[in-house]
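The chain contents come next:
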Amino acid sequence: MASSTVDQSQVAGNGLREKVLTLNSMNPRVRKVEYAVRGPIVQRALELEQELRQGVKKPFTEVIRANIGDAQAMGQRPITFLRQVLALCVNPDLLNSPNFPDDAKRRAERILQACGGHSLGAYSISSGIQLIREDVAQYIERRDGGIPADPNNVFLSTGASDAIVTVLKLLVAGEGHTRTGVLIPIPQYPLYSATLAELGAVQVDYYLEEERAWALDVAELHRALCQARDHCRPRALCVINPGNPTGQVQTRECIEAVIRFAFQERLFLLADEVYQDNVYAAGSQFHSFKKVLMEMGPPYAMQQELASFHSTSKGYMGECGFRGGYVEVVNMDPAVQQQMLKLMSVRLCPPVPGQALLDLVVSPPAPTDPSFMQFQAERQAVLAELAAKARLTEQVFSEAPGISCNPVQGAMYSFPRVQLPPRAVQRAQELGLAPDMFFCLCLLEETGICVVPGSGFGQREGTYHFRMTILPPLEKLRLLLEKLTRFHAKFTLEYS
Amino acid sequence: MQRAAALVRRGCGPRTPGSWGRNQSSAAAEASAVLKVRPERSRRERILTPESMNPQVKAVEYAVRGPIVLKAGEIELELQRVSAPACALFPQVMALCTYPNLLDSPSFPEDAKKRARRILQACGGNSLGSYSASQGVNCIREDVAAYITRRDGGVPADPDNIYLTTGASDGISTILKILVSGGGKSRTGVMIPIPQYPLYSAVISELDAIQVNYYLDEENCWALNVNELRRAVQEAKDHCDPKVLCIINPGNPTGQVQSRKCIEDVIHFAWEEKLFLLADEVYQDNVYSPDCRFHSFKKVLYEMGPEYSSNVELASFHSTSKGYMGECGYRGGYMEVINLHPEIKGQLVKLLSVRLCPPVSGQAAMDIVVNPPVPGEESFEQFSREKESVLGNLAKKAKLTEDLFNQVPGIHCNPLQGAMYAFPRIFLPAKAVEAAQAHQMAPDMFYCMKLLEETGICVVPGSGFGQREGTHHFRMTILPPVEKLKTVLQKVKDFHINFLDKYA
């Protein structure tokens, strides 16, 4: 085998030639993608953890990762029943073990029977195990007071993120002025902006009302839509309810108004409802878009296109690592629905353990089941603790000068607004950083607390926020909140 | 047949299990459901329609789960599980990780517990339920690197170059995504083998990249010929910017195992033409022919010396779905990247982070695969027996299938050197081709539909994988248990002879 002479023009200074894949030659859309939840501040947090491990002295003894909605990473225990059934599914020999309750065994057998070759190790059909789709449909019906759900409209997915991306993918078309525009809330969960960047779709921001507990105002939707029509074709409207990072739980009236708006303006509705089990505030109640839509009757109920998403990562389960989730599509064009299935089939199927877990989440133990008591107790404990932490967070931040925090009505985060002195803003600009990123980096270096700057989620110009999870154990959270507010005071003083 | 033809044209297929005849297309079911519920006669046009949807998605084809195979797949998958004897260590470690209370149970061997503890300690909150780092759990990446190093006779692998993924498909899709750029004549061209595993064409379609076909040499056991690569890349330069070369070794659907010389030639070609190499090696543990050996692209690249090993950009893929464990449902996989620009690695992690992380149970599955019991460990003997049994069985079935197909007039099957499939060539009489055209179907699709209708056996037509013009094939797995496989092969033989007769 003869080797050609190396083309010298391609040889870089170090003797290596220029690569095929560089920042300049890569997919430009991918380059634009940002995802703050695991962005630069988290990378810095990792470095600090590394330094701590190496024995470097720091003003703190541990890094607190309050950046990501991962309950179990912060010490929340998995629900026993869920893990028992799953263990029985992954190792069916355990069905003979006396150490597992009967109902867990029955559930495992039921799931296994629905799997190819009676094993979680087989691929399932691409839309998910049929039995589980049926169970999800029944869950939706129960949740929505009897409004029917068709299992054929339920597609299991690798976390909710997977399904959200799939639906958005279907929607993106056109070019230039006819390129698909997608309305997303500001502040938003940055999966949306990242996906729109990757797909080359047009992001259309609508602002939530901070002064009114992050309420969604249809007038603002209108404003956003009208401006957008100038340069794109708006075709979809995304709502996150309960909100992330904002935690607001939309009122029923608001949801109806949104649906009417979407119908009028011909927008495909995406309802991200992964926090539907995380509602804490008295007076707040989760209303599913599906339910409200159906109860609105014609012309909405039979014609408004809707995709609703749920996940096993949040709620009281916190099973993020299993990547369980589903989407229910309503009024979707049957041919498009086939296309969606086709798209899903290229990736074969969502992880089967995640599907199994989802099944347990949507059909938990009944009051007559042996595991019911323990299940209920664990579930209530988790939700009660989350509610307590939501209240504590709100309280501490509200009392801190220079920090204001809307009620944490639901979800898993606080998104307080922080006042930053002009000199700090200036310093940030000198460093080429968003002011709240600068604040968060200083916070991290000083206290080891890792939160995500509001600029990663979007916010009104000139305002600064950060998103912090409410997930650390209660007492630890109390300490963190105190540390944080002390730091903010110090920071304010330092840059006065 | 008319019904089947209609379904094929519409791209629909049954979504629920059940015999072929009993099913309606889901589209029809949907439509009738809507009609029952909806009183109004007219409805306004939807926002999202086949006309208004993403045209790139529309263009995607994925034959493996296409119309005929939605049904076929279910059968295949069932057989896949039934035939593979359990590798006991796998469910043990997995159960211990899932429900750590079991670590106190005397019913689990110590080596399984050791592995489970190692995995759990590396997880947030010591739980599979936490998100992991987007690149994957650190110690599992280390274990993968150690596996690669052992596999490649000491050629070092850096954990930092290892990315755990949701099956190999996820990694392949991600790398292709990053690679695709440019517009018009400078749009990225991706070279893929024909026949190919249709993930590649599907992803290329979705990304609106340019598919550049290079034909494997059927007369030569599906060998990869560098002259053909050269031909393909030259032609492609006319209308795109060829940047990527995909190799599947062992091959799917073709089952060929590339010789070391061939791999060296391919690497040299990639070096010459400045192509990014993707080496899909998910069947690396499925090599049956005694004359063949798996050579990893990574190893060969390294052994070719620094001009190549420091310059050629390579991504190699593996998975928990194949081999001797066959744990498809867990969606475990990894990719090893070589010579990627550090900034690109940063971009890669960033892209992966949007989806947070691959399923942690799948990562654990990968860890079990790369960390099998070693001599001295409690589970070693049983594990070795199980592994031998599975692989021995597959090898036997590979030979059986090849021999039986080659006894049938009008069928020719290349040796199944590796992987899990037979991809025999079928010689169809002219009348059959005409009949197919009358039904607006590819001839091998027509053949496969007939086979399905008459015998209940589901295989995927070669047109779903690509083949030389005028040739016809089908892909069948060798996964059913031996006796069942013999029955199936006999039925196919009988069907084929009848078919030849009927369309003589």
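What you see is a predicted model, and the numbers here were worked out from it, not measured in a lab. (Residues numbered from 1 in each chain as written. Chains lettered and ligands numbered in written order. Predicted model: local features only at pLDDT ≥ 70, side-chain atom pairs only at ≥ 80, totals over all residues. Heavy atoms only, no water.)

Visitor: Is there a simple way to explain the overall build of chain B in this structure?
Guide: On a plain count of helices and strands, chain B comes out with 19 helices and twelve strands. Of all 504 residues assigned to chain B, the portion counted as buried reaches 67%. Carbon and sulfur atoms make up 51% of the accessible area of chain B, which amounts to about 17,900 Å² in all. (Helix = DSSP H or I, 4+ residues; strand = E, 2+ residues; numbered from the N terminus. Buried < 20%, exposed > 50% of the residue type's maximum accessible area, 1.4 Å probe, protein only. Areas by Shrake-Rupley, 256 points an atom, 1.4 Å probe, with all protein chains shown as cover.)

Visitor: When you look at the domain arrangement of chain A in this model, what are you seeing that I'm missing?
Guide: It is common to report an interface's size as the accessible area lost on association of the parts. Residues and elements named next belong to chain A. By the assigned domains, chain A splits into domain 1 (30-75 + 376-495) and domain 2 (105-362). Between domain 1 and domain 2, the residue contacts involve 36 residues of the former and 37 residues of the latter. Buried surface at the junction of domain 1 and domain 2, summed over both partners, amounts to about 2,900 Å²; 56% is from carbon and sulfur atoms. Applying the counting criterion to the domain 1 and domain 2 interface returns 17 residue pairs in polar contact (both at pLDDT 80 or more). For the side of domain 1 that touches domain 2, the elements supplying multiple residues, two or more each, are α1 (28-32), α14 (372-399) and β10 (413-414). Here the side of domain 1 that touches domain 2 takes six residues from α14, the largest share from any one element. Residue composition of the side of domain 1 that touches domain 2, by class: 19 nonpolar, ten polar and seven charged. (Domains from an automatic or database assignment. Contact = heavy atoms within 4.5 Å. Buried area = accessible area lost by both parts, 1.4 Å probe. Polar contact = N/O pair within 3.5 Å; in protein donor to acceptor, adjacent residues only side chain to side chain. Nonpolar A, V, L, I, M, F, W, Y, C, P; charged D, E, K, R; others polar.)

Visitor: Looking at this structure, I do not really get the interface of chain A and chain B. What am I missing?
Guide: With 103 residues of chain A in contact, the opposing surface of chain B contributes 106 residues. The junction of chain A with chain B conceals about 9,400 Å² of combined surface from both sides, 58% of it contributed by carbon and sulfur atoms. Interface area lost by chain A to chain B is led by A:R17, A:L21 and A:Y123, which between them contribute 8%. Taken together, the links from chain A to chain B amount to four salt bridges. Across the pair A:R347 and B:D170 runs a salt bridge whose closest N-O atoms are separated by 3.1 Å. Along the contact surface separating chain A from chain B lie 48 residue pairs in polar contact (both at pLDDT 80 or more). Sorting elements by how many residues they give to the side of chain A that touches chain B places helix α12 (residues 334-346) of chain A first, with eleven residues. When grouped by side-chain class, the residues that make up the side of chain A that touches chain B number 52 nonpolar, 31 polar and 20 charged. (Salt bridge = Lys/Arg side-chain N within 4 Å of Asp/Glu carboxyl O.)

Visitor: How should I be thinking about the sheet that holds strand β5 (residues 233-240) of chain A in this particular structure?
Guide: Hydrogen bonds between backbone groups are what pair the strands of a sheet, and the pairing can be parallel or antiparallel. Residue and element names in this part refer to chain A. Strand order in the open sheet made by the seven strands is β2-β8-β7-β6-β5-β3-β4, with mixed pairing throughout. Two strands in the sheet have a free side with no partner beyond their single neighbour: β2 (154-158) and β4 (202-207). Taken over all neighbouring pairs, the strand axes of this sheet differ in orientation by 25 degrees on average, direction set aside. In this structure, strand β6 (residues 268-272) lies alongside strand β7 (residues 306-311), joined through four bridges in parallel fashion. Residue pairing in the sheet places D272 in a bridge with F309 of β7. (Pairing = 2+ DSSP bridges. Axes fitted to C-alpha atoms, helices over the stretch in contact; angles between N-to-C directions.)

Visitor: Mind showing me how you'd approach helix α4 (residues 102-114) of chain A here?
Guide: Because an α-helix completes one turn every 3.6 residues, residues spaced three or four positions apart along the sequence face the same direction. End to end, α4(A) covers 19 Å across 13 residues, agreeing with the expected 18 Å (1.5 Å per residue, within 8%). Buried residues along α4(A) sit against α3 (80-90) and α13 (352-362) of chain A. (Expected span 1.5 Å × (residues − 1).)

Visitor: What am I meant to see in the side chain of A:R38 here?
Guide: Of note, A:R38 is situated in the loop between α1 and α2 (40-53). One buried charged residue, A:R38, remains without a salt bridge, the closest side chain of opposite sign being A:D70 at 5.5 Å. Engagement of the side chain of A:R38 in a polar contact is seen with the backbone oxygen of B:S132, the distance being 2.7 Å. Of the polar contacts made by the side chain of A:R38, one reaches the backbone oxygen of B:L356; its length is 3.0 Å. Sequence-distant contacts of A:R38, defined by excluding residues within four places in its chain, comprise A:Q43, A:I68, B:Y131, B:S132, B:A133, B:S134, B:S353, B:L356 and B:C357. (Lys, Arg positive; Asp, Glu negative; His and termini not counted.)

Visitor: Which parts of the structure should I look at to understand the domain arrangement of chain B?
Guide: Residues and elements named next belong to chain B. For chain B, the assigned domains read domain 1 (56-79 + 383-503) and domain 2 (88-370). Look at where the C-alpha atoms of domain 1 and domain 2 centre, and you get two points 26 Å apart. The interface of domain 1 with domain 2 comprises 33 residues on the first partner and 37 residues on the second. Summed over both partners, the interface of domain 1 with domain 2 buries about 3,000 Å², with 58% contributed by carbon and sulfur atoms. Run the count over domain 1 and domain 2 and you get zero salt bridges. Run the count over domain 1 and domain 2 and you get 16 residue pairs in polar contact (both at pLDDT 80 or more).

Visitor: Would you take a moment to explain helix α6 (residues 110-121) of chain B for this structure?
Guide: Residues and elements named next belong to chain B. With twelve residues, α6 extends 16 Å between its outermost C-alpha atoms, agreeing within 8% with the 16 Å of an ideal straight helix rising 1.5 Å per residue. Turning to α6, its buried residues number three or more, namely D111, A112, K113, R115, A116, I119 and L120. For α6, the secondary structure elements touched by its buried residues are α5 (89-98), α7 (138-151), α15 (360-370) and α16 (380-406).

Visitor: Please explain the environment of B:K243 as it appears in this structure.
Guide: For B:K243, the location among the structural elements is in strand β4 (residues 241-248). Classification of B:K243 by relative accessible area gives buried; the value is 7%. Expressed as a C-alpha distance, the spacing of B:K243 and B:R187, which sit 56 residues apart in the sequence, is 9.4 Å. In this view, B:K243 contacts A:V20, A:S25, B:L179, B:S181, B:T188, B:G189, B:K274, B:L275 and B:F276; residues no more than four positions away in its chain are not counted. Here the side chain of B:K243 touches B:L179 through a polar contact of 2.8 Å, landing on its backbone oxygen. Reaching out from B:K243, the side chain makes a polar contact with the side chain of B:T188 at a distance of 3.5 Å.

Visitor: Would you take a moment to explain the pairing of strand β14 (residues 466-469) of chain A for this structure?
Guide: Across a regular strand the side chains alternate sides, sitting on one face of the sheet and then on the other. Residue and element names in this part refer to chain A. Residues F466 and M468 line one face of β14 and the alternating positions R467 and T469 line the opposite face, and both faces are buried. Direction of pairing for β10 relative to β14: antiparallel, over a ladder of two bridges. By the bridge assignment, S414 is partnered in β14 with M468. Bridge analysis of strand β13 (residues 452-453) against β14 gives two bridges, and the strand direction is antiparallel. Of the residues in β14, the one forming a bridge with V452 is R467.

Visitor: Sorry, what's going on with the pairing of strand β8 (residues 324-330) of chain A here?
Guide: All names here are of chain A. With seven of seven residues buried, β8 is to be regarded as a mostly interior element. Burial of the side chains of β8 extends over both faces: G324, Y326, E328 and V330 are buried on one face and G325, V327 and V329 on the other. Both β2 and β8 contribute to a ladder of five bridges, which runs antiparallel. Looking at β8, one finds that F155 is bridged to V327. Pairing between β7 and β8: six bridges, direction antiparallel. Bridged to A307 within β8 is V329.

Visitor: Hey, could you run me through the sheet that holds β13(A) in this one?
Guide: Judged by pairing direction, the sheet is antiparallel, and its three strands sit side by side in the order β10-β14-β13 (chain A) without closing on themselves. Edge strands, defined here as strands with exactly one partner in the open sheet, are β10 and β13 of chain A.

Visitor: Just to check I follow, could you spell out the nonpolar core for this structure?
Guide: The nonpolar side chains of a soluble globular protein tend to be buried with one another. Within the largest apolar cluster, 305 residues are counted, with the highest numbers of intra-cluster contacts made by A:L120 and A:L237. With nine residues, the single largest contributor to this core is α14(A). For A:L120, the residues in contact, after removing those within four places along its chain, are A:L86, A:C89, A:V90, A:I111, A:L112, A:C115, A:V352, A:P353, A:A356, B:G329 and B:Y330. Counting 35 residues, the second largest nonpolar core, distinct from the first, contains B:A232, B:A236, B:C240 and B:I267. (Core = buried A, V, L, I, M, F, W, Y, C linked by side-chain atoms within 4.5 Å.)

Visitor: Any chance you could explain unusual backbone geometry here in plain terms?
Guide: Of all residues except glycine, most have a negative phi; of all peptide bonds, most are trans. Residues and elements named next belong to chain A. Put simply, N241 and P242 share a cis peptide bond, and its omega is -5 degrees. Looking at the element boundaries, P242 is found in the loop between β5 and α9 (252-265). Cis geometry is found at the peptide bond from N244 to P245, where omega equals 10 degrees. Position of P245 among the secondary structure elements: in the loop between β5 and α9.

Visitor: Quick question: what am I supposed to make of the packing of helix α18 (residues 443-455) of chain B against helix α19 (residues 482-502) of chain B here?
Guide: For any two helices packed against each other, one specifies the crossing angle of their axes together with the interaxial distance. All names here are of chain B. Packing of α18 against α19 brings their axes to within 11 Å, and their N-to-C directions diverge by 120 degrees. Classified by the angle between their axes, α18 and α19 sit oblique to one another. Considering how the two elements wind past one another, α18 and α19 form a crossing that is right-handed. Residues F446, Y447, K450, L451, E454 and T455 of α18 form the contact with α19, whose participating residues are K491, V492, F495, H496, F499 and K502. Counted by class, the contact of α18 with α19 contains six nonpolar, two polar and four charged residues. (Parallel < 35°, antiparallel > 145°, perpendicular 65-115°, else oblique. Left-handed = near helix turned anticlockwise from the far one by under 90°.)

Visitor: I'm lost on the packing of aromatic side chains in this one. Help?
Guide: Two measures describe an aromatic ring pair: the distance that separates the ring centres and the angle between the ring planes. Applying the stated criterion across every chain, the model contains 29 aromatic pairs over all chains. Measuring from ring centre to ring centre gives 5.7 Å for A:F415 and A:F457, while their planes differ by 80 degrees; the resulting arrangement is edge-to-face. Taken together, the residues A:F415 in the loop between β10 and β11 (417-418) and A:F457 in the loop between β13 and β14 connect sequence positions 42 residues apart. Accessibility classification places A:F415 together with A:F457 in one group, the buried group. An angle of 75 degrees between the planes, with centres 5.0 Å apart, marks the rings of B:Y447 and B:F499 as edge-to-face. Of this pair, B:Y447 sits in helix α18 while B:F499 sits in helix α19, placing them 52 residues apart in sequence. Here B:F499 falls in the buried class, since its relative accessible area comes to 3%. Taken together, the ring pairs connect A:F397, A:F438, A:F439, A:F466, A:F487, A:F491 and A:Y495 into an aromatic cluster. Stacked on the ring of A:Y316, the Lys or Arg A:R379 has its end atom at 5.0 Å from the ring centre. Over the ring of A:Y413 we find A:R467, and its NZ or CZ is 3.9 Å from the ring centre. (Phe/Tyr/Trp six-rings, centres within 6.5 Å; stacked < 30°, edge-to-face > 60°. Lys NZ or Arg CZ within 6 Å of the ring centre and 35° of its normal.)

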